[in-house]
Amino acid sequence: MAIFDIFKKKQEEKHLPTAEPEKEPAITLEAPEATLDSSLEKTKSGFFSKLTKAIAGKSTVDETFLDDLEEALVAADVGVQTTVKIIDRLEARVSRDKYINTTELNRIMREEIISLLNESGKYKVSDFNLPKSETPYVIMVVGVNGVGKTTTIGKLAYQFKKHGKQVMLGAADTFRAAAVDQLTIWSQRVDVPIISRGMGADPAAVAYDTVQSAVAKGMDVAIIDTAGRLHNKIGLMNELTKIRNVMQKVIPGAPHEILLVLDASTGQNAIEQAKQFISATDVNALALTKLDGTAKGGVIIGIADQFKIPVKYIGLGEKMEDLKPFDLVAFVNSLFKD
């Protein structure tokens, strides 16, 4: 099947998800901590079954092999644009280095994908430390409902607190009562303060109060939740701009980070959501959730390549500890690990 036929089929499922209530996962403290290798298992098995089939009996990289490789990459939700770049780089590398065997091909692909994604030079592994010059460091979190936005905020608060930071949450997603309730539950789980005015309150007023309180109490970081709806992009843009403007009355330059949360299991839908939010506000960091249990983990490669915005965090499981800093080299190496 040609690459564009595959992509056309995938585009039929490209509609943005409806705004459904975000389900809170059960936090199982006894569960084993997720690892990158185990969380990428479905992505790896789907990708490598196709890659192995493409390589079988091949001693050279020919047109048939490249077609099969394109299919494997697109099936892993890497995306057409990024797949074409990878194939072009692979062809150039193979013609220069003279491909010999499967092991060499895996090494070359790893190196070229890492090189492609690292062209922006923005990939530095986060250790949950914050710039010393900004106190509090303000993070505004955006994303559609159902992607794991509230859960990511809770896990992020846990990680910052674990690393010795004082954290405050702001429940500025006042469009849904469930969003306020869920963030309140997370504040109790993590034992961090929250500013909440309930459903229907002015989101900008909640954000203003949160930042003002964080300054007064000497917090290290303030994390602001926002409404996750895309049905009216102009309305979303106006709301996010208003939230940013009121925060800047307290701290010039806030928010310091606009973190877009995407659900990796939605594949190409995640790329479409990224386009919408990046056009609506100045997103400068990404978090990919639900990598565990999906065969679409390759979408991270496409997102990182297309938008040149660093993926900062990845969600590998349901435990509080399972929000991890994204390590580009470790991710690609794990993807190609036997």
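Residues numbered from 1 in each chain as written. Predicted model: local features only at pLDDT ≥ 70, side-chain atom pairs only at ≥ 80, totals over all residues. Heavy atoms only, no water.

### Brief notes about helix α12 (residues 299–307)
Okay, so step 1: Within α12, eight of the nine residues are buried, leaving the element largely enclosed by the surrounding structure.
Okay, so step 2: The first or second residue beyond α12 is lysine 308, which carries a positive phi of 55°. (Buried < 20%, exposed > 50% of the residue type's maximum accessible area, 1.4 Å probe, protein only. Helix = DSSP H or I, 4+ residues; strand = E, 2+ residues; numbered from the N terminus.)

### Considerations on the packing of helix α7 (residues 149–162) against helix α8 (residues 177–190)
Two quantities define a packed helix pair, namely the angle between the axes and the distance from one axis to the other.
Okay, so step 1: Here α7 crosses α8 at 20°, and the two axes come no closer than 9 Å. With respect to α8, the element α7 is oriented roughly parallel. The crossing of α7 and α8 is right-handed. In this structure, α7 contributes Thr150, Thr151, Ile153, Gly154, Lys155, Ala157, Tyr158 and Lys161 to the contact, and α8 contributes Gln182, Leu183, Trp186 and Val190. (Axes fitted to C-alpha atoms, helices over the stretch in contact; angles between N-to-C directions. Parallel < 35°, antiparallel > 145°, perpendicular 65-115°, else oblique. Left-handed = near helix turned anticlockwise from the far one by under 90°. Contact = heavy atoms within 4.5 Å.)

### Comments concerning the pattern of salt bridges
Okay, so step 1: Scanning the model with the defined rule gives 16 salt bridges in all.
Okay, so step 2: Between aspartate 173 and lysine 149 there is a salt bridge, with the nearest N and O atoms lying 3.6 Å from each other. You can see aspartate 173 sitting in the loop between β2 (167–171) and α8 and its partner lysine 149 sitting in helix α7, a full 24 residues away along the chain. By the burial criterion, aspartate 173 is buried, and lysine 149 matches it.
Okay, so step 3: We note a salt bridge from glutamate 257 to lysine 312, for which the minimum N-O separation is 2.5 Å. Residue glutamate 257 is found in strand β5 (residues 257–263), and its partner lysine 312 is found in strand β7 (residues 311–315); the two are separated by 55 residues along the sequence.
Okay, so step 4: Judged by its relative accessible area of 24%, lysine 312 is partly exposed.
Okay, so step 5: Where salt bridges share partners, they join Arg89, Arg93, Arg107, Glu111 and Glu112 into one cluster. (Salt bridge = Lys/Arg side-chain N within 4 Å of Asp/Glu carboxyl O.)

### Looking at the packing of helix α5 (residues 80–97) against α12
Okay, so step 1: Orientation of α5 relative to α12, taken along the N-to-C sense of each, is 90°, at an axis distance of 9 Å. Considering the angle they form, α5 stands roughly perpendicular to α12. When α5 is examined against α12, the residues Gln81, Thr82, Lys85 and Ile86 are found in contact with a partner set consisting of Ile301, Gly302, Asp305 and Gln306.
Okay, so step 2: Taken together, the residues of the contact of α5 with α12 break down into two nonpolar, four polar and two charged. (Nonpolar A, V, L, I, M, F, W, Y, C, P; charged D, E, K, R; others polar.)

### A short note on the environment of alanine 172
Okay, so step 1: As for its placement among the helices and strands, alanine 172 is situated in the loop between β2 and α8.
Okay, so step 2: A C-alpha to C-alpha distance of 5.0 Å links alanine 172 and threonine 226, two positions 54 residues apart in sequence.
Okay, so step 3: With residues near it in sequence (within four places) discarded, alanine 172 still touches Pro203, Val206, Ile224, Asp225, Thr226 and Ala227.

### A closer look at the nonpolar core
Okay, so step 1: Counting 98 residues, the largest nonpolar core has Phe160, Ile223 and Leu288 as its most contacted members.
Okay, so step 2: For this core, the leading source of residues is helix α6 (residues 102–117), giving seven residues.
Okay, so step 3: With residues near it in sequence (within four places) discarded, isoleucine 223 still touches Ile139, Val141, Ile153, Leu156, Ala157, Phe160, Val167, Met168, Leu169 and Gly170.
Okay, so step 4: If you look at the next biggest cluster of nonpolar residues, it comprises five residues, including Met168, Ala214, Met219 and Ala222. (Core = buried A, V, L, I, M, F, W, Y, C linked by side-chain atoms within 4.5 Å.)

### Description of the packing of aromatic side chains
Okay, so step 1: Evaluation of the coordinates by the stated rule reveals three aromatic pairs.
Okay, so step 2: Aromatic pair phenylalanine 128 and tyrosine 313: ring centres 5.5 Å apart, planes at 10°, arrangement stacked. Residue phenylalanine 128 is located in the loop between α6 and β1 (137–142), and its partner tyrosine 313 is located in strand β7; the two are separated by 185 residues in the primary sequence. Each member of the pair phenylalanine 128 and tyrosine 313 is classed as buried. (Phe/Tyr/Trp six-rings, centres within 6.5 Å; stacked < 30°, edge-to-face > 60°.)

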